[in-house]
Amino acid sequence: MFPIFVKIFSLVLAAIAISKSYVDFRARTESLQMFLLWTLTWAAVVIVALFPTIVDFILAYSGSGQAGLGTVFGMGLVFLLFVVYRIYVKLERVEQNLTKTIQELALKGNWLEKR
Amino acid sequence: MSRPTQPVERTVAVIMPAHNEASVISGVISHIPSTIDGMAVIPIVVDDGSDDGTGDAARDSGALVVRHLTNLGVGAATITGCRAAEELRADIIVTMDADGQHDPGEISSLVRCLVEGPFDAVIGSRILAPHGMPLSRFGANLLLNAITFAVYGKVVSDSQSGFKAVSREALGRMKLNASGYEICSEFIGEIHRNGLRYKSLPVKAVYSRYSQRKGQHFLNGVNLILGMLMRLVRRV
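Residues numbered from 1 in each chain as written. Chains lettered and ligands numbered in written order. Predicted model: local features only at pLDDT ≥ 70, side-chain atom pairs only at ≥ 80, totals over all residues. Heavy atoms only, no water.

### Topic: the pairing of strand 6 (residues 121-125) of chain B
All names here are of chain B. Short version of the rule: Only protein chains enter the accessibility calculation, which uses a 1.4 Å probe; a residue whose area is less than 20% of its type maximum is buried, one above 50% is exposed, and one in between is partly exposed. What counts as a helix is a DSSP run of H or I of at least four residues, what counts as a strand is a run of E of at least two, and both are numbered from the N terminus. DSSP calls a pair of strands paired once it identifies at least 2 bridges connecting them.
Burial analysis of strand 6 places 5 of its 5 residues in the buried class, the great majority of the element. In strand 6, alternate side chains face the same way, and those of Ala121, Ile123 and Ser125 on one face and Val122 and Gly124 on the other are all buried. Two strands pair when backbone bridges link them, and strand 6 and strand 8 (residues 198-202) are joined in this way by 5 bridges, in the parallel orientation. Bridge assignment links Val122 to a residue of strand 8, and that residue is Lys199.

### Some details on the state of the cysteines
All names here are of chain B. Stated precisely, the cut-off is as follows: Note on disulfides: each one is a pair of cysteine sulfur atoms within 2.5 Å.
Scanning all chains against the criterion turns up 0 disulfides over all chains. With no disulfide of its own, Cys113 has Cys184 as its nearest cysteine by sulfur position, at a separation of 18 Å. The class for Cys113 is buried, based on a relative accessible area of 11%.

### Overview of a nonpolar patch on the surface
Cut-off, in case you're wondering: Every patch collects residues that have over 30% relative accessible area and no salt bridge, joining them within 9 Å if they carry like charges and within 5 Å if they are nonpolar side chains (Val, Leu, Ile, Met, Phe, Trp, Tyr). Using a 1.4 Å probe, accessible areas were evaluated by the Shrake-Rupley method; residue-level cover was limited to the displayed protein chains. A pair is scored as a salt bridge if a Lys or Arg side-chain nitrogen falls within 4 Å of a carboxyl oxygen belonging to Asp or Glu.
A cluster of nonpolar side chains, contributed by Ile4, Phe5, Ile8, Phe9, Val12, Leu13 and Ile16 of chain A, occupies part of the molecular surface with about 730 Å² of accessible area. The exposure class of Ile8 of chain A is partly exposed, given its relative accessible area of 47%.

### Observations regarding the packing of aromatic side chains
Residue and element names in this part refer to chain A. Stated formally: Aromatic rings from Phe, Tyr and Trp, with only the six-membered ring used for Trp, were paired whenever their centres fell within 6.5 Å, and each pair was classed as stacked if the ring planes differed by under 30 degrees, edge-to-face if by over 60, and tilted otherwise.
Taken as a whole and judged by the stated rule, the model has 2 aromatic pairs over all chains. Ring centres 5.8 Å apart and planes at 50° place the aromatic pair Tyr22 and Phe35 in the tilted group. Here Tyr22 is found in helix 1 (residues 4-26), whereas its partner Phe35 is found in helix 2 (residues 32-50), with 13 residues between them in sequence. Residue Tyr22 is classed as partly exposed on the basis of its relative accessible area of 37%.

### A short note on the environment of Pro104 of chain B
All names here are of chain B. The condition that has to hold: Any pair of residues with heavy atoms lying within 4.5 Å of one another is described as a contacting pair.
Topologically, Pro104 is positioned in the loop between strand 5 (92-95) and helix 4 (107-116). Sequence separation between Pro104 and Ser30 is 74 residues, and the spatial gap between their C-alpha atoms is 8.9 Å. Beyond its immediate stretch of four places on either side in the chain, Pro104 contacts Val28, His31, Ile32, Pro33 and Met96.

### Structural notes on the pattern of salt bridges
Evaluated as defined, the whole model comprises 10 salt bridges over all chains. The closest approach of N and O atoms between Lys20 of chain A and Asp24 of chain A, which form a salt bridge, is 3.1 Å. On the criterion of helical spacing, the pair formed by Lys20 of chain A and Asp24 of chain A is a turn pair, its members being 4 residues apart in helix 1. Between Asp56 of chain B and Arg59 of chain B there is a salt bridge whose closest N-O contact spans 3.2 Å.

### Observations concerning unusual backbone geometry
Looking along the chain, the bond that leaves Gly117 of chain B and enters Pro118 of chain B is cis, with omega of -15°. Take Pro118 of chain B: it is sitting in the loop between helix 4 and strand 6. One non-glycine residue, Arg28 of chain A, adopts positive backbone phi at about 60°. Residue placement: Arg28 of chain A occurs in the loop between helix 1 and helix 2. The phi angle at Arg89 of chain B is positive, at roughly 55°, despite the residue not being glycine. Residue position: Arg89 of chain B is located in the loop between helix 3 (74-87) and strand 5. Take Arg89 of chain B: its relative accessible area is 53%, and that puts it in the exposed class.

So this is what it looks like as structure tokens:
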């Protein structure tokens, strides 16, 4: 059984994430597809947090009954590490592109005459 | 102060990456010599997204100013300055801090050492003249020297010095791309990778309250170490 604070923690995080996603969607900085994806993802997190036995049910239904909750969370952790790695790589690439763009802009034009 | 914009025979470009240094930049520029042994000295300030008028103050003091639209970090600003110096076809490129930590009067020593050496690069070393250096900084510099050695395979007395002189040919062989403070260690790594001749020259550092506030902090140090370690990981 999940302790109550884990449930509250998950609910609060989900509320923040979904509301943030909704604000971005309203501000047209996020597409409808991304908004729905994040909403469904966090809804799934809340459902698992509130009803953890659902994982056992899904595992039993899919024929992986012996895997257990620990295995699922272990796989989840590995998946999250992979996501963090991918975000790091992409962030690095974006930062490098931004740096190059700003450097090119800085050296373009008549900086020699601007005295 | 009138300075030549077009290179006349041999020139020295002094690059100063600056972020919100409006209160001190004019004083630093005014102490840069206009010639060194017949070579024209051109100060280039890279205004790294300042919002306090650093660029205008530098321009009013006679420096060429290249401006980043947003703050990229001291490494990126230094690289932009190096590219500006290459466009000017400067023969010698000097980098120094804009916060007054380095004595502009010592630019001549670095340049002469480079020319007379002959060396490809001269590194101003605060460790070789540590008078007045806070003990914490001394220790931190030694630690960063060790990490620089671990990542780049080269030991120098002051791997984190921002006060350096390098010839145009040597700079052309370097591949610098660090955005932050790790640019100093990357510079050492490029000296090693290209087999360049270098010398560490003692320079005094001015540890005023202002320069200590503007200089590297603990978190910058952590970022610097993480940045270097990530480079090490990427190379493996």
